[in-house]
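# Structural features, examined
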Amino acid sequence: MNKDLSVGRPETVLCRFCLPLLGSIIFQQLYNIADSFVAGKFIGDAALAAVGNGYEITLIFIAFAFGCNIGCSVITAQLFGAKDYARLKTAVYTTFISGGILCAALMVIGFLFCGDLLRIINTPEAVIADSKLYLDVYISGLPFVFYYNLSTGIFSALGDSRTPFCFLAASSVGNIGMDVLFVAGFGMGVSGVAWATLICQGISCALATLLMFRRLRTIPVDSKPSLFSRELFVKVSAVAVPSILQQSFVSVGNIIVQGVINSFGLSVMAGYSASVKLNNMVITAFNALGSGVSNFTAQNIGAGKSERVHRGLVAGRKLAWIICIPVMILYFFAGKWLVFLFVDDPSGGAMQTGFTMLRILSPFYPVVAAKITADGVLRGVGRMKMFMTATFTDLVLRVVLAQVLSSYFGSVGIWCAWPIGWVIATVMSLLFYRSSRKKIEAEPRSVV
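Let me begin by describing the structure that accompanies this report. Computed from a prediction, not measured in an experiment: that's the story for all the values here. (Residues numbered from 1 in each chain as written. Predicted model: local features only at pLDDT ≥ 70, side-chain atom pairs only at ≥ 80, totals over all residues. Heavy atoms only, no water.)

Moving on, we come to the overall build of the chain. A count of helices and strands for the chain gives 14 helices and zero strands. Here the C-alpha atoms of the chain give a radius of gyration of 21 Å, agreeing with the 22 Å that 2.2 N^0.38 yields for 448 residues. On the principal axes, the C-alpha backbone points of the chain span a range of 65 × 45 × 35 Å. Going through the 448 residues of the chain one by one, you find that 60% of them count as buried. For the chain, long-range pairs separated by at least 24 residues make up 84% of all intrachain contacts whose partners lie at least 6 apart in sequence. (Helix = DSSP H or I, 4+ residues; strand = E, 2+ residues; numbered from the N terminus. Rg over C-alpha atoms; globule rule 2.2 N^0.38 Å. Buried < 20%, exposed > 50% of the residue type's maximum accessible area, 1.4 Å probe, protein only. Contact = heavy atoms within 4.5 Å.)

See the structure below:
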């Protein structure tokens, strides 16, 4: 059901809108957690390392899909808030066409160069074949990733966060069952993990896309919308391209860090693969809240109600802190048992690596939450340069410090680099928002 986020008490509206988004992200992360769990428990540490190693490269492709999601979502939300429904539909069609072309190009690049990239990041020979196999299957399903992200972004722009949640919940549960069936039942190894994910993503993509277009048909328009608009393509790109660059550079940075991690051997690789999935679940939940704040901001800007933006930011940040504090405590004190879900040997190096990483990162989750919600407002009002500056600062610091500190403190130095980047980037994002707040509230309705 479409929902006007510019009407009602901002705190209540945003909370109701964001809770299904959080549920969606949790189930989305279950895809990757299920892959790692099955690989580690039913195949071994080498398979866990292979899946984790390949996962870092898949984040580059996800960055493009997520960037298109953000670009289409922000512009569509502004048009929905302004009740400009014909151009809203044109924006959707335009993004689907251009997104398909981009996806095809990425698939060609992926098939040609992912093997070389695995060698560049020092992937051990023991896992390189399985990592390449996992990536090849993943790239085959890239259209599902793209069009699912676009469809869920449009649902969110229309104020509907429940429908994507239902799709992801069913798909994630199915993925867990298929992982176990293909690996433990059919003995397919790492390829079974990859194929299970591809099949479930394909089903959820098809259902989400069909329902999204059916929803669009229920929105009345005065004139037939165009299939493509160069003007709207430029406007969507103005938000999407910086988001893609930001996500891509973060992914490239993670790959560089993965290369540093790989130099410490299989046990550190496996431990990192386990703990990074747990960490990413939290960070991705914050990103979901940030996306919710972006859509809330964009709809209210489109409706000429910019005075509601700050209340949305405060509500989003409070919600993020309510979520992250119990998780922070759980990871810090019980992280060892969570890592044990993925590894077989409770006294081995992989267990110690994963537990140490969680203990270092988890106390800084409230800081990250503050940054990502502020970034959500900056994206929603189109302040992309500010958003990118803070994010790139975080990335550069983490990459450089991971290499420097690891030479002195071993793998522990890699984990210590993350909080330093988070703190500095958060200060920057909050200062950027503070400097922009008066301008945001003084602006008239944004005509997209």
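Before going further, it helps to examine the nonpolar core. Residues I261, F286, Y365, I414, W415 and W418 are the most contacted members of the largest nonpolar core, which totals 64 residues. If near-sequence neighbours (up to four positions away) are discounted, W418 is found in contact with Y272, V276, N279, M357, L361 and R398. Formed by 50 residues, the second largest nonpolar core is a distinct cluster that contains I57, L88, L106 and A157. (Core = buried A, V, L, I, M, F, W, Y, C linked by side-chain atoms within 4.5 Å.)

This paragraph deals with the packing of helix α8 (residues 230-262) against helix α13 (residues 384-409). With their axes 10 Å apart at the nearest point, α8 and α13 run at an angle of 5° to one another. Relative to α13, the element α8 is oriented roughly parallel. (Axes fitted to C-alpha atoms, helices over the stretch in contact; angles between N-to-C directions. Parallel < 35°, antiparallel > 145°, perpendicular 65-115°, else oblique.)

Another aspect to go through is the pattern of salt bridges. Tallied over the entire structure, the rule returns nine salt bridges. A salt bridge links E231 to R87; the shortest N-O distance between them is 3.0 Å. With E231 in helix α8 and R87 in helix α3 (residues 85-120), this residue pair connects regions lying 144 residues apart in the sequence. The class of E231 is partly exposed, set by a relative accessible area of 43%. Ionic pairing is found between D160 and R215, a salt bridge with its closest N-O pair at 2.9 Å. Remark: R215 occurs in helix α7 (residues 190-217) and D160 occurs in the loop between α5 (142-157) and α6 (162-185); sequence separation between them is 55 residues. The same class applies to D160 and to R215, which are both buried. Each of the salt bridges in this network shares a partner with another, and the network as a whole consists of R9, E11 and R311. (Salt bridge = Lys/Arg side-chain N within 4 Å of Asp/Glu carboxyl O.)

For K83, which is not glycine, the phi dihedral falls at a positive 60°. Relative to the assigned elements, K83 resides in the loop between α2 (45-81) and α3. By relative accessible area, K83 is classed as exposed at 51%.

Moving on, we get to the side chain of T197. Structurally, T197 is set in helix α7. Residue T197 is classed as buried on the basis of its relative accessible area, which comes to 5%. Polar side-chain contacts of T197 include one of 3.2 Å to the backbone oxygen of V193. (Polar contact = N/O pair within 3.5 Å; in protein donor to acceptor, adjacent residues only side chain to side chain.)

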